[in-house]
Amino acid sequence: MNALVPLPVLLPLCATGLSLAFGTRLKHFQRFISVVVLSAVLALSVALMIAADTRGPLTVDLGDFAPPLGITLVADRLSGLMLTVSSAVTLCVLVYSIGQGMADRDEETPVAVFHPAYLILVAGVSCTFLAGDLVNLYVGFEIMLVASFVLLTLGGTGPRVRAGSTYVIISLFSSMLFLTAIAMTYAAAGTANFAQLAGRLGELPLGVQTLIQAMLLTVFAIKAAVFPLAAWLPDSYPTAPAPVTAVFAGLLTKVGIYCMLRTETLLFPGNRLGDLLMAAALASMTIGILGAVAQTDLKRLLSFTLISHIGYMVFGIGLASRDAYGGAIVYVAHHITVQTTLFLVAGLIERRTGTTELTRIGGLARAAPVLAVLFFVPAMNLAGIPPLSGFIGKLGLMRAGVADGGVWAWILVVGSAAASLLTLYVMAKVWNLAFWRAAPPGQAADGTLLESDDDSGDDADAGPDRIPGTGDEPAVPRHQPAGLAVAATLHGHAVTTTTRLPKPMTAATAAAVALGLAFTVLAGPLTSYTDRTAAELLARSPYIEAVLGR
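The rules behind the values
- Residues numbered from 1 in each chain as written.
- Predicted model: local features only at pLDDT ≥ 70, side-chain atom pairs only at ≥ 80, totals over all residues.
- Heavy atoms only, no water.
- Patch = residues over 30% accessible without salt bridge, like charges linked within 9 Å, V, L, I, M, F, W, Y side chains within 5 Å.
- Areas by Shrake-Rupley, 256 points an atom, 1.4 Å probe, with all protein chains shown as cover.
- Salt bridge = Lys/Arg side-chain N within 4 Å of Asp/Glu carboxyl O.
- Helix = DSSP H or I, 4+ residues; strand = E, 2+ residues; numbered from the N terminus.
- Buried < 20%, exposed > 50% of the residue type's maximum accessible area, 1.4 Å probe, protein only.
- Phe/Tyr/Trp six-rings, centres within 6.5 Å; stacked < 30°, edge-to-face > 60°.
- pLDDT = per-residue confidence, 0-100.
- Contact = heavy atoms within 4.5 Å.
- Arc of directions from axis to C-beta.
- Core = buried A, V, L, I, M, F, W, Y, C linked by side-chain atoms within 4.5 Å.
- Expected span 1.5 Å × (residues − 1).
- 1 Å grid on protein atoms, 1.4 Å probe; cavity = no way out; pocket = protein on both sides within 12 Å on 5 of 7 lines; lining within 4 Å.
- Points joined across faces, edges and corners; volume = space filled by probe spheres on them.
- Nonpolar A, V, L, I, M, F, W, Y, C, P; charged D, E, K, R; others polar.

1. What about a nonpolar patch on the surface?
1) Next: Where nonpolar side chains cluster on the molecular surface, the patch consists of Phe-29, Phe-32 and Val-36 and spans about 270 Å² of accessible area.
2) Next: Position of Val-36 relative to the elements: it lies in helix 2 (residues 27-55).
3) Next: A residue is classified by how much of its surface remains accessible, and Val-36, at 40% relative accessible area, is partly exposed.

Listed below in structure tokens is the structure:
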């Protein structure tokens with residue numbers, strides 16, 4: 001079973017080579033490779049999660065070199081769950097993107113770059129979840145980030161390039177800070193292996209430990225978009241196409257949360273910076289949800305709710321108790337799925353109406369009842385309506401806060417309840433504007449051409465927001481018969497609104513909704529699993545013994 005541990009990283013990398021080799025010559029085969037490989041990664045992830053739960057952490061020393069010289073990959077309960085949820089979500093997003101036709105219109109590029117970049121992204125995410133040392137955690141981050149740079153700027157439109165530039169600058173800064181933290185850690189402890197660091201960091205002077213911990217937390221807080229290090233996110237994610245935004249918002253920020261969970265439990269037990277983390281959690285919840293209240297564009301609104309709900313996970317990490325870690329892990333799994341689903345729904349709304357600006361759309365509950373259901377379920381889940389999984393995760397975190405009894409814990413319990421109510425308000429606002437009210441006069445008619453490959457205007461309002469009847473349309477509106485255009489593509493080709501949404505897009509979104517509901521149906525086994533995961537994280541010895549063999 002240990003031999004399976006590297007495969008979630010190796011399979012997507014090998015498939016990337018095949019995908020690049022075939023390029024645009026065999027488009028259907030390229031898509032087939034991607035779907036088969038991600039399906040295999042999902043099956044492997046489930047097998048690793050079950051094996052880690054029944055047999056303990058699984059380890060592999062690549063090249064048979066023992067740490068600290070060798071590369072160690074470790075699959076324990078936490079990494080197994082994260083791999084499983086992330087694999088399921090990335091498979092849904094891939095099917096959605098195929099239905100949207102994003103990877104099929106690459107006439108302007110020598111190779112079809114979407115599938116290779118997407119597979120590399122999956123490999124990078126898997127590498128971060130399985131990394132057994134700081135160096136390979138950094139390598140996983142860089143693999144993931146290189147792919148994300150490509151995906152974020154595909155098409156080369158002005159808004160995407162500007163947003164990508166911001167993302168690149170922030171990512172490069174965090175990477176340099178991460179390298180500095182790794183160098184300091186190695187200089188102080190003589191190793192970068194997690195299991196060895198768990199025994200050596202405690203012997204260092206308290207000031208050195210705190211400095212290393214603070215630097216690593218800063219790096220991971222940037223990745224996770226924890227306030228006040230989250231200003232880059234609302235401007236970067238909404239400009240990307242729906243599938244890219246969905247996987248970024250749902251998954252990439254949780255990689256930072258995973259790293260915080262791993263390092264705070266394994267390397268820095270004792271919760272020295274717990275109050276600081278809880279202050280950051282409260283600020284994230286408050287500023288994020290207030291930002292969402294002020295938005296009228298659905299993608300930006302969801303981006304701000306993402307920042308707010310990251311605060312719930314940081315709340316659990318700051319409490320540092322078994323119940324708190326268990327609640328945080330439940331919430332991570334829930335939020336990956338629900339946030340991804342909501343961005344996929346935003347993409348469906350954009351294709352149906354031509355925009356995600358809530359003031360320009362309406363009447364979707366009557367015109368597109370399936371779309372209404374696909375939005376309503378994850379929206380209520382995000383708001384924490386009982387008995388959905390969002391409620392279960394929030395309840396677990398609040399109970400842990402009450403059990404802690406500290407001043408910061410009680411403040412966060414009240415803040416969590418307030419943020420949850422405001423999330424419900426925000427979701428109700430979206431429902432009322434986009435679905436419940438009558439369609440406004442300026443809403444794009446079915447068959448309206450909304451975007452072309454002319455990016456000469458290079459302004460942020462170009463593209464799907466150019467709606468006839470609003471004064472924002474091109475000089476000569478153009479139209480095509482409804483349903484002829486497959487979708488908005490990654491490369492700036494024409495977009496046509498249509499009432500007939502591609503079935504793969506709808507099916508993939510429905511599958512993501514079902515996955516979120518599965519967490520509710522399987523709440524008992526899920527919470528039991530996360531409780532065992534939290535106990536394993538706090539014990540530390542199962543991980544250390546599995547890696548070092550003692």
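Now that the structure has been shown, the text picks up again.
2. Considering the packing of aromatic side chains
1) Next: All chains considered together, the criterion is met by 14 aromatic pairs.
2) Next: Plain terms: the ring middles of Phe-149 and Tyr-167 are 5.8 Å apart, the flat faces sit at 80° to each other, and that makes the pair edge-to-face. Residue Phe-149 is located in helix 5 (residues 134-153), and its partner Tyr-167 is located in helix 6 (residues 158-189); the two are separated by 18 residues in the primary sequence.
3) Next: On the accessibility criterion, Phe-149 (22% relative accessible area) is partly exposed.
4) Next: Here the aromatic cluster, defined as three or more aromatic residues joined through ring pairs, consists of Phe-375, Phe-376, Trp-431, Phe-435 and Trp-436.

3. A short note on the confidence of the model for the protein
1) Next: Averaged over the protein, the pLDDT score is 83; the fraction of residues at 70 or greater is 85%.
2) Next: Low pLDDT (under 50) marks residues 106-111, which in the prediction has 13 contacts with non-local residues, meaning those over four places away or in another chain.
3) Next: Within the model, the stretch residues 447-494 combines pLDDT values under 50 with 126 contacts to residues more than four positions away or in other chains.

4. Let's talk about helix 20 (residues 541-548)
1) Next: Along helix 20, the residues that are buried comprise Tyr-543, Ile-544, Val-547 and Leu-548. What you see down the axis of helix 20 is that its buried residues fit within an arc of 105°, all on one side.
2) Next: Where helix 20 is buried, its residues contact strand 1 (58-62), strand 2 (71-75), helix 7 (194-200) and helix 10 (242-266).

5. Examining the nonpolar core
Nonpolar side chains tend toward joint burial in soluble globular proteins.
1) Next: Formed by 171 residues in total, the largest nonpolar core has its most connected members in Phe-178 and Ile-257.
2) Next: For Phe-178, the residues in contact, after removing those within four places along its chain, are Leu-134, Leu-137, Tyr-138, Phe-141, Leu-216, Val-219 and Phe-220.

6. Quick notes on the environment of Leu-251
1) Next: By the element assignment, Leu-251 lies in helix 10.
2) Next: Overall, the relative accessible area of 1% leaves Leu-251 in the buried class.
3) Next: For Leu-251 and Thr-340, which are 89 residues apart along the polypeptide, the C-alpha to C-alpha distance reads 7.7 Å.

7. Focus on helix 18 (residues 503-521)
1) Next: In a regular helix each residue adds 1.5 Å, so 19 residues correspond to 27 Å; helix 18 covers 26 Å between its end C-alpha atoms and thus fits that length.
2) Next: Among all positions in helix 18, only Met-505, Ala-508, Thr-509, Ala-512, Val-513, Gly-516, Phe-519 and Thr-520 are buried. The buried residues of helix 18 all sit within an arc of 155° when viewed along its axis, so they share a single face. The outward face of helix 18, more than 90 degrees from its buried face, is lined by the exposed residues Lys-503 and Val-521.
3) Next: Against helix 3 (77-100), helix 13 (322-353), helix 15 (369-383), helix 16 (389-404) and helix 19 (523-539) lie the buried residues of helix 18.

8. Observations regarding empty space enclosed by the protein
Leftover empty space is mapped by rolling, across the atoms, a probe with the size of a water molecule.
1) Next: Counted according to the given criterion, the structure contains five cavities of 30 Å³ or more.
2) Next: Taken together, Met-144, Leu-145, Tyr-167, Ile-170, Ser-171, Ser-174, Ile-222, Lys-223, Trp-232, Tyr-237, Leu-252 and Thr-253 make up the full set of residues lining the largest cavity.
3) Next: At the level of elements, helix 5, helix 6, helix 8 (206-224) and helix 10 are the ones that each hand at least two residues to the lining of the largest cavity.
4) Next: No other element matches helix 6, which puts four residues into the lining of the largest cavity.
5) Next: Residues of the lining of the largest cavity, tallied by class, amount to eight nonpolar, three polar and one charged.
6) Next: By volume, the second largest cavity is sized at about 60 Å³.

9. Here we look at unusual backbone geometry
1) Next: For the peptide bond that leads from Phe-227 to Pro-228, omega is 10°, which places it in the cis range.
2) Next: Structurally, Pro-228 is set in the loop between helix 8 and helix 9 (233-236).
3) Next: Geometrically, the link from Pro-386 to Pro-387 is a cis peptide bond, its omega value of 0° lying close to zero.
4) Next: Structurally, the position occupied by Pro-387 is in the loop between helix 15 and helix 16.

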